[in-house]
Amino acid sequence: MNKLIDKLYETCTLSPKEYKMLIDSRNPELSEYLFEKARRVRIDNYGKDVYIRGLIEFTNYCRNDCLYCGIRRSNLNAERYRLSEEQILDCCAAGYDLGFRTFVLQGGEDGYYTDKKMIDIIRTIKKNYPNCAVTLSVGEKSYETYKAFYDAGADRYLLRHETADAGHYSKLHPVTMSLGTRKQCLYDLKQIGYQVGCGFMVGSPFQTTDCLVEDLLFIKELNPHMVGIGPFIPHHETPFADREAGTLELTLFLLGMIRLILPTVLLPATTALGTIHPKGRELGILAGANVVMPNLSPTNVRKKYMLYDNKICTGDEAAECCYCLQNRMESIGYQISVTRGDHKSVL
């Protein structure tokens, strides 16, 4: 198995059979061997800098009904909210003062935010903070809408594919959604010129090793600038409320593999990792990740943007959270970088 990791380190690819064998054969010793290689690749490309993104969760209304998601349309107990443009700009102002140079506008697929509203918000942020990047994470849109957002100044777009196996996708989503549409959106975003992020849940219901192999093959094919993966964590108001959560161990192993598959990828140690383990984000960085995403949303709405149960940092002030993360990263020999943190290909 060490030889397979060596092969992945040297060539950035394996056959589907080899990927499956590696995932199914993992053990603590193999994981540590993988992480050592992943750290080496990460440091070769980005040093020991950890890029920070200021996350602004601006709406928890969503037209979709994904079976795993706490803000799904059918959750009638969700306390819904929307941030005004002024509130979003207040978050950016606070974040800028704390050293953030990327703002991530994330929300459900909420028709209230028309193309015009979004374009106005993007333009204002870019006008106020021309040296900052704007990342959007607002779901599936038309090519024309993506292009309009890009022309307004949006730099990056996050759209998790969730699973690259069509059969598995259909078990996690309503019939109105399809993997084909999701993939087309990702290819549209790349064609337009965004720095693009995809990603998947680890340990989601019905997921098999073959599903994970499909994810790795798709990521290699798409060649995104960012990949966001995190463990599936159930939410009590969804059909998957009683399902087992994904594991820290498998998530870290896949982070290490993705670092070797795409050596220059921007790879977050996600909030979900920190939710299932007190040092989850630190362990993510040590497995090859190089991004963390503290929350800049107003504290009074954070508990309402609950995609899964027990999410961390729902009460911390942004400054408090940022200071804490800085200490956490320094404790493992890494440092927070006050830059836009672009992918190497656009530097």
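Check the entry above for the structure.
Residues numbered from 1 in each chain as written. Predicted model: local features only at pLDDT ≥ 70, side-chain atom pairs only at ≥ 80, totals over all residues. Heavy atoms only, no water.

Draft legend 1. Main features of helix H2 (residues 16-24). For H2, the full list of buried residues reads Glu-18, Tyr-19, Leu-22 and Ile-23. Seen along its axis, H2 keeps its buried residues to an arc of 130 degrees; they face one direction. (Buried < 20%, exposed > 50% of the residue type's maximum accessible area, 1.4 Å probe, protein only. Helix = DSSP H or I, 4+ residues; strand = E, 2+ residues; numbered from the N terminus. Arc of directions from axis to C-beta.)

Draft legend 2. Here's a closer look at the sheet that holds strand S5 (residues 156-158). Strands sit in the order S2-S3-S4-S5-S6-S7 across an open sheet of six strands; the sheet is parallel. Every other strand in the sheet has two partners, leaving strand S2 (54-59) and strand S7 (226-231) as the edge strands with one partner each. Averaged over all neighbouring strand pairs, the angle between strand axes comes to 20 degrees, with direction disregarded. Relative to S5, strand S4 (residues 133-137) runs parallel, the two sharing two bridges. Counterpart to Leu-136 in the pairing with S5 is Tyr-157. Contacting S2, strand S3 (102-107) and S4, helix H5 (residues 115-128) runs over the sheet at an angle of about 155 degrees to S4. (Pairing = 2+ DSSP bridges. Axes fitted to C-alpha atoms, helices over the stretch in contact; angles between N-to-C directions. Contact = heavy atoms within 4.5 Å.)

Draft legend 3. Structural context of the packing of aromatic side chains. The tally for this structure, following the rule as stated, stands at 11 aromatic pairs. One aromatic cluster is present, built from ring pairs that chain together Tyr-146, Tyr-150, Tyr-157 and Tyr-194. (Phe/Tyr/Trp six-rings, centres within 6.5 Å; stacked < 30°, edge-to-face > 60°.)

Draft legend 4. Structural view of the nonpolar core. By size, the foremost hydrophobic cluster in this structure holds 98 residues, and its most contacted members are Ile-125, Leu-254 and Met-257. Setting aside residues up to four positions removed in sequence, Ile-125 forms contacts with Ile-88, Leu-89, Cys-92, Phe-103, Leu-105 and Val-134. By size, the runner-up hydrophobic cluster in this structure holds eight residues, among which are Tyr-51, Leu-55, Leu-158 and Val-291. (Core = buried A, V, L, I, M, F, W, Y, C linked by side-chain atoms within 4.5 Å.)

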